[in-house]
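# Chains, contacts and geometry: an overview
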Amino acid sequence: MAKDILRKSEVFYDNFDRKPGLDKMTTTYCPGCGHGILHKLVAEALEDFGVQDRTMFVSPVGCSVFAYYYFDVGNIQAAHGRAPAVATALKRANPESIVIDYQGDGDLAAIGGAEILNAANRGEGITVFFVNNATYGMTGGQMAPTTLIGQQTMTTPKGRTVANEGYPIKMSEIISTLKAPVYVERVMLGDVKSIRKARKSVRKAIQIQIEQNGFSFIEVLASCPSNLKKTPIDSQNWVREVLQENYPLGVYKDISAKFVSPDKSKTPVNYKDLPKVLNIEETNIDKNRIAEFTNKQFHEQFKIAGFGGQGVLSLGIVLSEMGMRHDFQVSWIPSYGPEMRGGTANCSVQLSSKNIGSPVVDRPTVLVAMNRPSIDKFEDSVAENGYIFYDSSLIDIEPQRKDINIIAIPATKIADDLGTTKVANMVIVGAIIEKLGIMSKDVVLDSIGEVIKKQKLININKRAILKGVEFIQNLTK
Amino acid sequence: MGKQFLKGNEAVVKGAILAGCTAYYGYPITPASEIAHAAAKYLPLAGGTFVQAESEVAAINMVYGAAGAGQRVMTASSGPGISLKTEGISYCAGAELPCVIVSITRGGPGLGNIGPEQSDYNQLVKGGGHGCYKTIVLAPNSVQEMCDFGLMAFDLADKYRTPVIIAADGFIGQMMEPVNFPEPVKVFPAKPWAIKGTKETRKNVISSIELDFDDLERHNIKLQKKYAIIEEQEVRYEEYRTDDAEIILVCYGIASRVVQSAIDNLRAEGIKAGMFRPITLFPFPHERISQLCDKASNFLTVEMSNGQMNDDVRLSVEGKKPVHLLSRYGGNVHTIKEIHAKVIKIMR
């Protein structure tokens, strides 16, 4: 029990200085409104548990939007319906804090349906107070998702009908079907006795957050005399006699006795360890090994094309990675758009001694064709004196151009002989490196292990590259 | 720091983490999803938080909460997702919460497609959401800049207590280039206004509501003053061969990469073309473009939209010189050839 119920809780400001106007003593709530009572129950609990400094209160859109006028805790105001999302991030930013998510029925059950459902489902360690007064208070008495059948509001002037508006939403029942929530109860502010009961539930819900970091949901049936167009007494009677009939009170879920929060702790990382964590540690390439290649002036534009699954994109990535290790300017871009469908793939790669402008390759100096459609599609685009490397084990036609260098290489057959078709692309990598002479073979072979992710595949990829190199060497012998 | 070959979408996450970003809240959408993938992979390793939100709307409101708690926080999305986020961005701007939003623009309107476009310029640069607010908008044109702007965005966001948008397109997000990584940020600005569930921050309130008309007017005037300072101090742009240029091609993002190649070709033929690339779309480099009017006889905006940035170029030129527009849409990037042809046509 609070020590002195006649005293304003310490968790309330003495004067409501944030409130505009001259009156800094009274609240913005109408006489008989449920918010005042619930605010008091929450404030007293926060005081009694000694968590005022640790508490952050999320004010929703609705009549309680100005909760920060009253609660002397950390305050944040949320967009309509989004309080559970805001509360999620607050709690995760400061796991030791106590986060109060306070929402009305339109805010929580209509526009914010997704947010409350998912915050509950994630089991955020927050406490939700859901004020159900069956109407939109602040906007002037429109229908709420919880408005009763037959209840007249500004937007259901003849009363809510099943035909037009459907049935009232029962949030406690819905939330209690989820696995993560620890404690779900519906209470009411209908008379002194029910308020005392509500007080217990409020305290228990906050306590579950403090002690167990669990999600609690307290639905509070409350009155809105102004929009019900009733006196405070009559509207409280209505809560007790009518609203309660439609929204049965009680504990819908309580697993607090055995609930243990999953471990949500994080291990902070020192900035010194960040490069390791991000996999961006210094790479050491011996400058002497690449010296003879870095002085050359060149700009090669590759179009690499084939069926999906032939390793077309990774062929481009390997060339690019190796280019980077030679301090070249490099760009890689996958084919983009409709041609990605239908099983064909291509990518554009550029390796250059100077800055690369457009990463798009329209006029390749090197075309790598791993299937026949690639020849059909790209042969004409190859620049004069350029190259076509094509997999002659799969392509049964020969390119027709006479002004370019055409290298037929049975890459798939060579790869099959090595034991796996999958390294046909690396055979072509080897051929390109040998033919163009723009990179150090040793550097490529030594660093391929940094690019191929699977350790057991490194050797076969190396062998495939060497086979490609040898193939070119044998051609020119 | 090392050098790594990676996608723009991954580089921006690594840059952000080096900048001290400790939280990412997002929702999947192509072509921005790799950002979420990288954040999901690396943030928990770096001691941070990654949550896949239930919606774009929830994600930006989680960003609002995390920023309110003083975290360096980011999210990313594309076209339709950014549309959904604009309400939340307006709240962040109104409550003066620093955060970083990456937009990997795709083809629109509606569901459009997943190709690169620059059709969300107005959405990103002109506010997008409700109310008189602006966001700083950075437009990278390389993977290196995706990383670098990841860092710069957080500094600017904290400096001005404002959301900062990194406006890239599907192409910049998907392409791979080598990146030289900068050193991690070690010193962070104090945020005495944040709420952290502590005694010191108990007095704070994060809100964008001002019921009194005069109070809200004062708040708006304060915001406009902030934007004026940003316009004065944070303009960034790049010029390429503009010194003696007779025609200046104005462009940003992937379009500027293609234009750069086109300029080299035009110069090789003796045509004096130059490129002007706004790096900050807000603040827009109006003044510099105005100065360039003294040199150039023509301007050509090369833009993958219906000329949304071109409106700003025309505002800068103020009718002093002809301003032309070359648009592409639907995921198509301009070719060097068509830019070349357009310039020849104008200059003939």
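Residues numbered from 1 in each chain as written. Chains lettered and ligands numbered in written order. Predicted model: local features only at pLDDT ≥ 70, side-chain atom pairs only at ≥ 80, totals over all residues. Heavy atoms only, no water.

### Remarks on the overall build of chain A
In plain terms, the rule: Strands here mean DSSP runs of E at least two residues long; helices mean DSSP runs of H or I at least four residues long; both are numbered from the N terminus. Note on classification: 1.4 Å probe, protein chains only; a residue is buried when its accessible area is under 20% of the maximum for its type, exposed when over 50%, partly exposed between these limits. Contacts between residues were defined by any pair of non-hydrogen atoms, one from each residue, lying within 4.5 Å. Per-residue and other accessible areas were derived by the Shrake-Rupley procedure at a 1.4 Å probe size, with only the shown protein chains allowed to occlude residues. The sign given to each residue is positive for Lys and Arg and negative for Asp and Glu; His and the chain ends receive no count. Every charge is mapped onto a representative atom, which is NZ of Lys, CZ of Arg, CG of Asp or CD of Glu.
For chain A, the helix and strand inventory stands at 18 helices and 13 strands. The buried share of chain A, reckoned over its 477 residues, is 56%. For chain A, contacts bridging at least 24 residues in sequence account for 64% of all contacts bridging at least 6. Approximately 20700 Å² of chain A is accessible, and the part contributed by carbon and sulfur atoms is 52%. Taken together, the 56 basic and 52 acidic charged side chains of chain A have centroids lying 4 Å from each other.

### Quick word on the overall build of chain B
Here is the rule we go by: Two things to know: the radius of gyration comes from C-alpha atoms, and the globule rule equals 2.2 Å times the number of residues to the power 0.38.
Along chain B, the regular secondary structure elements total 12 helices and 16 strands. In summary, chain B has a C-alpha radius of gyration of 20 Å against a globular reference of 20 Å for 348 residues, a match within 12%. Once the C-alpha set of chain B is aligned to its principal axes, its extents read approximately 70 × 50 × 40 Å. In chain B, which comprises 348 residues, the proportion classed as buried is 64%.

### Digging into the domain arrangement of chain A
Selection rule: For every domain, the bounds stem from an assignment made automatically or drawn from a database.
Once the domains are mapped, chain A shows domain 1 (34–254) and domain 2 (276–476). Once you take the C-alpha centre of each, domain 1 of chain A and domain 2 of chain A turn out to be 62 Å apart.

### Focus on unusual backbone geometry
As a rule of thumb, non-glycine residues mostly have phi less than zero, and peptide bonds are mostly trans rather than cis. Cis geometry is found at the peptide bond from Thr30 of chain B to Pro31 of chain B, where omega equals 5°. Geometrically, the link from Gly108 of chain B to Pro109 of chain B is a cis peptide bond, its omega value of 0° lying close to zero. Mapped onto the fold, Pro109 of chain B is located in the loop between β5 (99–107) and β6 (113–116). Residue Asn213 of chain A is not a glycine yet carries a positive backbone phi of 55°. The topology assignment puts Asn213 of chain A in the loop between α8 (192–212) and β6 (216–221). Positive phi outside glycine occurs at Asn385 of chain A, with the angle close to 65°. Relative to the helices and strands, Asn385 of chain A is located in the loop between α14 (372–378) and β12 (387–391).

### Observations concerning the side chain of Glu177 of chain B
Put simply, the rule reads: In the analysis that follows, any N or O atom pair within 3.5 Å is treated as a polar contact, provided that within protein one partner can donate a hydrogen and the other can accept it, and provided that, for residues neighboring in sequence, both atoms belong to side chains.
Within the fold, Glu177 of chain B resides in strand β9 (residues 176–180). Only 2.7 Å separates the side chain of Glu177 of chain B from the side chain of Arg257 of chain B, close enough to count as a polar contact. Beyond its immediate sequence surroundings of up to four residues, Glu177 of chain B is in contact with Val330 and Ser331 of chain A together with Gln4, Phe5, Leu6, Ser142, Val143 and Arg257 of chain B.

### Quick look at the domain arrangement of chain B
All names here are of chain B. Rule in force here: Summed over both partners, buried area is the accessible surface (1.4 Å probe) that two parts give up on being assembled. For this analysis, a salt bridge means a side-chain nitrogen from Lys or Arg found within 4 Å of a carboxyl oxygen belonging to Asp or Glu.
Parsing chain B into structural domains produces domain 1 (3–233) and domain 2 (237–347). Carbon and sulfur atoms make up 54% of the area that domain 1 and domain 2 hide from each other, which totals about 2400 Å². Where domain 1 meets domain 2, there are 3 salt bridges. Between Glu145 and Arg277 there is a salt bridge, with its nearest N and O atoms 2.7 Å apart. Between the two partners, domain 1 and domain 2, sit 18 residue pairs in polar contact (both at pLDDT 80 or more).

### With respect to helix α5 (residues 113–122) of chain A
Residues and elements named next belong to chain A. How we decide: By arc we mean the arc of the directions from the helix axis to the C-beta atoms, nothing more.
Regarding α5, the residues found buried are Glu115, Ile116, Ala119 and Ala120. What you see down the axis of α5 is that its buried residues fit within an arc of 120°, all on one side. Of the residues flanking the end of α5, it is Gly123, one or two places downstream, whose phi is positive at about 65°.

### Thoughts on the sheet that holds strand β3 (residues 98–104) of chain A
Defined as follows: The pairing criterion for strands is at least two bridges between them, as found by DSSP. To obtain each axis, a line is fitted to C-alpha atoms, and for helices this fit is confined to the stretch in contact; angles are then taken between N-to-C directions over 0 to 180 degrees.
Read across the sheet, 8 strands follow the order β7(A)-β5(A)-β6(A)-β4(A)-β3(A)-β1(A)-β2(A)-β10(B) without closing on themselves; strand pairing throughout is mixed. Each edge of the open sheet is held by one strand with a lone partner, namely β7 (250–254) of chain A together with β10 (205–206) of chain B. Strands β1 (55–59), β3, β4 (127–132) and β6 of chain A of the sheet are contacted by helix α1 (residues 34–48) of chain A, whose axis makes an angle of about 170° with β3 of chain A.

### A closer look at the packing of α1 of chain A against α8 of chain A
Residue and element names in this part refer to chain A. Basically, it comes down to this: Roughly parallel covers angles under 35 degrees, roughly antiparallel covers those over 145, roughly perpendicular covers 65 to 115, and oblique covers all other angles. Helix crossings get a hand from a simple test, with the near helix turned counterclockwise from the far one by less than a right angle marking a left-handed crossing and a clockwise turn marking a right-handed one. Think of it as three bins: nonpolar holds Ala, Val, Leu, Ile, Met, Phe, Trp, Tyr, Cys and Pro, charged holds Asp, Glu, Lys and Arg, and polar takes everything else, Gly as well.
Two numbers describe how α1 lies on α8: the axes approach to 9 Å, and their chain directions differ by 45°. When the axes of α1 and α8 are compared, the pair comes out oblique. Crossing angle aside, the handedness with which α1 passes α8 is right-handed. Here Ile37, Leu38, Leu41, Val42, Glu44, Ala45, Leu46 and Asp48 of α1 come into contact with α8, specifically with Ile195, Ala198, Arg199, Val202, Arg203 and Ile206. Classifying every residue of the contact of α1 with α8 by side-chain character gives 10 nonpolar, no polar and 4 charged.

### As for a negative patch on the surface
Short version of the rule: Each patch is built from salt-bridge-free residues with over 30% relative accessible area, joining like charges within 9 Å and nonpolar side chains (Val, Leu, Ile, Met, Phe, Trp, Tyr) within 5 Å.
Together, Glu210, Asp212, Asp214 and Glu217 of chain B give the surface a local cluster of negative charge. Along the polypeptide, Glu210 of chain B turns up in the loop between β10 and α8 (213–233).

### Comments concerning the pairing of strand β4 (residues 73–77) of chain B
Residue and element names in this part refer to chain B. What counts here: Handedness of a crossover is defined as follows: orient the strands so they point away from the viewer, and if the path from the first strand over the helix to the second runs clockwise, the crossover is right-handed.
The buried fraction of β4 amounts to 5 of the 5 residues, a majority that puts the element mostly inside the structure. Residues of β4 alternate between two faces, with Val73, Thr75 and Ser77 on one and Met74 and Ala76 on the opposite face, all of them buried. For strand β2 (residues 23–26) and β4, the ladder comprises 2 bridges, and the chain directions are parallel. Across the sheet, residue Ala23 finds its bridge partner in β4, namely Val73. The pairing of β4 with β5 spans 4 bridges and is classified as parallel. The residue of β5 that forms the bridge with Ser77 is Ser103. In this fold, the crossover linking β4 to β5 by way of helix α4 (residues 79–94) has right-handed handedness.

### Observations regarding the environment of Ser256 of chain A
Residue and element names in this part refer to chain A. Relative to the helices and strands, Ser256 resides in the loop between β7 and α11 (274–277). Taking the relative accessible area as the measure of exposure, Ser256 reaches 14% and is therefore buried. A sequence separation of 122 residues divides Ser256 from Ala134, and the C-alpha atoms of the two residues are 29 Å apart. Setting aside residues up to four positions removed in sequence, Ser256 forms contacts with Val182, Lys204, Ile208 and Gln212.

### Details of the nonpolar core
Selection rule: By convention a nonpolar core is built from buried Ala, Val, Leu, Ile, Met, Phe, Trp, Tyr and Cys residues, the set being connected through side-chain atoms within 4.5 Å.
Membership of the largest hydrophobic core comes to 154 residues, with the highest contact counts inside it found for Phe217 of chain A together with Leu249 of chain B. In terms of residue count, the dominant contributor to this core is helix α6 (residues 143–160) of chain B (11 residues). Setting aside residues no more than four positions away along its own chain, Phe217 of chain A makes contact with Leu108, Ile116, Val128, Phe130, Met171, Ser172, Ile175, Tyr183, Val184 and Glu185 of chain A. Among the nonpolar cores identified, the runner-up in size contains 53 residues, and Cys347, Leu445, Phe471 and Ile472 of chain A belong to it.

### Brief notes about the pattern of salt bridges
Within this structure, the stated rule accounts for 46 salt bridges over all chains. Between Asp23 of chain A and Lys19 of chain A there is a salt bridge, with the nearest N and O atoms lying 3.6 Å from each other. With a relative accessible area of 35%, Asp23 of chain A lands in the partly exposed category. We note a salt bridge from Arg72 of chain B to Asp155 of chain B, for which the minimum N-O separation is 3.1 Å. Here the residue Arg72 of chain B occupies a position in the loop between α3 (56–68) and β4, and Asp155 of chain B occupies one in helix α6, the gap between them amounting to 83 residues. Residue classification places Asp155 of chain B among the partly exposed positions, given a relative accessible area of 40%.

### Remarks on the interface of chain B and chain A
Listed per partner, the contact involves 68 residues of chain B and 65 residues of chain A. Of the roughly 5500 Å² buried between chain B and chain A, counting both surfaces, carbon and sulfur atoms make up 64%. When residues of chain B are sorted by the area they lose upon contact with chain A, Phe5, Glu54 and Arg202 of chain B head the list and together hold 13% of the total. In this structure, the salt-bridge partner of Arg122 of chain A is Glu54 of chain B, at a minimum N-O distance of 2.8 Å.

### Thoughts on the packing of aromatic side chains
Definition in use: Under the pairing criterion, centres of Phe, Tyr and Trp rings, with the six-membered ring standing for Trp, must be within 6.5 Å; the plane angle then separates stacked pairs below 30 degrees from edge-to-face pairs above 60, leaving the rest tilted. The rule for a charge over a ring is simple: NZ of Lys or CZ of Arg within 6 Å of the ring centre, and within 35 degrees of the ring normal.
Enumeration according to the criterion identifies 17 aromatic pairs over all chains in this entry. With centroids separated by 5.7 Å and ring planes inclined at 40°, the aromatic side chains of Phe130 of chain A and Phe217 of chain A adopt a geometry described as tilted. Of the two residues, Phe130 of chain A is situated in strand β4 and Phe217 of chain A in strand β6; the sequence distance between them amounts to 87 residues. You can call Phe217 of chain A buried: its relative accessible area is 0%. One aromatic cluster in this structure is built from Phe16, Tyr29, Phe66, Tyr68, Tyr69 and Tyr70 of chain A. Lying across the ring of Tyr247 of chain A, Lys170 of chain A places its NZ or CZ 6.0 Å from the centre. Cation over ring: Arg161 of chain B sits above Trp193 of chain B, and NZ or CZ is 4.2 Å from the ring centre.

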